[in-house]
Structure formats: C-alpha cells, structure tokens
Amino acid sequence: MTISPFKADILKGKVAFITGGGSGINFGIAQALAAHGADIAMMGRREEVLKNACDEIKSKYSVRTFYKTGDVRDADMCAAALKATNETLGHLDILVNGAAGNFLAPPELLSPNGFKTVIDIDLNGTFNMCRYAYEYLKQSKGVIINISANLHYVGTLFQSHVSAAKAGVDALTLNLAAEWGHDGIRVCGIAPGPIGDTEGMKRLAPGEVGEKLKRAIPLGRFGTTEEIGMAAVFLTSSAAAYITGETLVVDGGHWFAKPPMVPREVVEKMMQASAKKPS
Ligand code: HXC
C-alpha cells in the first residue's frame, strides 16, 4: 500500500465485515481498513481465497481477522456469518457490501435466470446483509458502505442486468440512510469506475478494449483498488460523520465524459481555416 494521507489508527477498535472481501476491489477495501486499524471479517464463496486474504492482512497489518464461507444470496448464511463475527470479534462497526456478479450480455440474449442471478447477488445480497447487520450496527452506531457502479447513470450497453441491480443498490443506500439515521447508522455508497487488475475489468474490458477505455477517461488511467480503499477509509471514519445517503463516485470522471464527435485534429484544422477567412 502506498503511504496513506490518513492517520494509521483512525479505525482502531472497529470491526469491519466485507462481503466478497477476498479479492479485487473488496480486498483493496479490506486492506485499507486494516491498514488504519480495523479488524477484518469477510464472507465469500471460496474458502482458499478468504483464507489467503485473511492471512495476508493479518501478517501485514497485525489486526484480527475472521472469515466464513457463504453466499450473500442465502439470507441464513448472511445472518450466521454476522452472528459468528459478533461472537468472535466482539462487535460490528462497518459493513461493506462488495459481493457482486457481472458479465457482458445484450438483453435480448440474456436468459431471465442470468438477469435474476445478478439482481440476486448485487441487490438482494446487499439487502440480506444490511437486514441482518442492523441490530449489531445499531449497537455500535456503525456504518454501511454499499459498493455500486457508474453504469446506470447512462445507458451502458450489455449491462442491463448490472445497471438495474446497482440502481437498486443506490436506492437502498438512500432509503436505509433515511430509515436508520435515527438509530445512529450511516449508510453510504462508493461507485467505482474502471479499476485495474480486477475480475470485473478482465470480464468487461479485456486487452485492447481496456487501452481504448483509458483514453475515454478524463484522468487518463484506470483507478486502483487502493484508491477505492481510501474512499472507504474516508467514508467509514469520523471525517464523514455527517455524511449519509451519499454514493461517492470514484471513477476518474469516466461516466460523464463523452468521446469527441469529431477528432481533435479536425477541430484544429476547422479553427485554422475559419481564422484565415477574411471577415
Ligand atoms: C450470459 C450468463 C453468463 C454470461 C452466467 N450466465 N454467465 N449469461 N453470459 N457470461 C447465466 C447462466 O447461463 C445462468 O442462466 C445464470 O446466469 C446463472 O449462472 P451460474 O453460472 O449458474 O451462476 P453462478 O454460479 O451463481 O455465478 C454467478 C455469475 C458469475 C454472476 C454468473 O459470473 C459469478 O459468480 N461472478 C462473481 C465474480 C464476478 O462476476 N466478479 C465481477 C464483479 S465486477 P441460465 O438461464 O442458463 O440458467 C462488477 C463491477 C461492475 O460488478 C462495474 C464495472 C465498471
């Protein structure tokens, strides 16, 4: 991890639970929270991935770790993993809903079960976790971070399933923030754009497609999992104590920038030609 601008102990004494925390963006978040003192619990489907991630975090950051295999689509598994975390680590202060599924598919070729599968993981899974974390977070006056995306701000081709799911996640963020603010629980979101070296980018923008995509991003590059981690550290820290219901976009300006309708060289030539014309 590069040097953090935050103090190393700002999350000391907190317990963070991250779904899908063993890899990609979510592992970046887990590492960033651990680097600032939080104990880490995670749930995912692959035991080996969880074990390796927890071992790495423990040895790098000297925090306590805990994992349980499970699928966010199974509400009983969510409840059991949260209960076990509370029993093992003592409390729950931060829930990060990062587990997600994605693949490219035009809607007319996507099976109803394919659509449903992504809604089940991204949206229903987020609800399941929030629902069963509520009692613990009420006690700790904790915070939820829902990992969203920037796809549904526009019509992103081949992403109808994920766009619908993430729009639902954003609605849930806002609604739960309104419902649970009185209990002292903050609910925020992070909407990452294209983040390098992740499963998502391998699936959505392999090879040359990725290079072309970089040129369409105002900041000219993919983001890093560390940068998403820093957003999570900010939102879960006391620096964000009065922020709730907000989804922070961390995408280098990707979603709002459109490629030029005419290449720059052509625009320059047009300007030169019009400057030469007598008025
Ligand atoms: C079309 C597909 C498909 C594909 C699966 N399906 N893959 N349809 N194209 N590539 C369909 C199947 O045919 C099936 O429908 C249904 O989806 C369920 O598929 P399963 O393989 O049985 O589901 P499951 O094993 O539960 O796997 C879930 C998954 C998988 C989402 C399909 O890809 C997965 O587990 N992904 C987790 C990892 C992941 O995706 N990470 C990236 C997240 S990135 P039928 O009708 O045949 O039964 C991300 C970032 C977004 O979210 C933002 C980027 C900017």
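Residues numbered from 1 in each chain as written. Predicted model: local features only at pLDDT ≥ 70, side-chain atom pairs only at ≥ 80, totals over all residues. Heavy atoms only, no water.

Q: Explain the pairing of strand 1 (residues 15-19) to me, and be specific about the residues and the numbers.
A: For a regular strand, the rule is simple: side chains alternate between the two faces of the sheet. Strand 1 sits mainly inside the fold: 5 of its 5 residues count as buried. Residues of strand 1 alternate between two faces, with V15, F17 and T19 on one and A16 and I18 on the opposite face, all of them buried. Relative to strand 2 (residues 39-44), strand 1 runs parallel, the two sharing 5 bridges. Across the sheet, F17 pairs through a bridge with A41, a residue of strand 2. Note on the crossover from strand 1 through helix 1 (residues 24-35) to strand 2: the handedness is right-handed. (Buried < 20%, exposed > 50% of the residue type's maximum accessible area, 1.4 Å probe, protein only. Helix = DSSP H or I, 4+ residues; strand = E, 2+ residues; numbered from the N terminus. Pairing = 2+ DSSP bridges. Right-handed = clockwise from strand over helix to strand, strands pointing away.)

Q: How would you explain unusual backbone geometry if you had to name every residue and give the values?
A: Residues other than glycine seldom take positive phi values, yet F158 does so here, at roughly 65 degrees. Its identity is not glycine, yet D197 carries a phi of approximately 55 degrees, on the positive side. Inspection of the secondary structure assignment puts D197 in the loop between strand 6 (186-192) and helix 6 (199-204).

Q: Pulling in residues and values, what's your account of a nonpolar patch on the surface?
A: There is a patch of nonpolar side chains on the surface, built from M261, V262, V266, V267, M270 and M271 and spanning about 600 Å² of accessible area. Within the secondary structure, V262 is located in the loop between strand 7 (247-250) and helix 9 (264-276). (Patch = residues over 30% accessible without salt bridge, like charges linked within 9 Å, V, L, I, M, F, W, Y side chains within 5 Å. Areas by Shrake-Rupley, 256 points an atom, 1.4 Å probe, with all protein chains shown as cover. Salt bridge = Lys/Arg side-chain N within 4 Å of Asp/Glu carboxyl O.)

Q: Go over the side chain of T198, please, and point to the residues and values.
A: Its place among the elements puts T198 in the loop between strand 6 and helix 6. Reaching out from T198, the side chain makes a polar contact with the backbone oxygen of I195 at a distance of 2.8 Å. (Polar contact = N/O pair within 3.5 Å; in protein donor to acceptor, adjacent residues only side chain to side chain.)

Q: Would you mind going over the state of the cysteines in detail, with residue names and values included?
A: Disulfides are covalent bonds that connect the sulfur atoms of two cysteines. Considering all chains together, one arrives at 0 disulfides under this definition. In this model C78 remains outside any disulfide bridge; the closest cysteine sulfur is found in C130, 9.9 Å from its own. A relative accessible area of 1% places C130 in the buried class. (Disulfide = S-S within 2.5 Å.)

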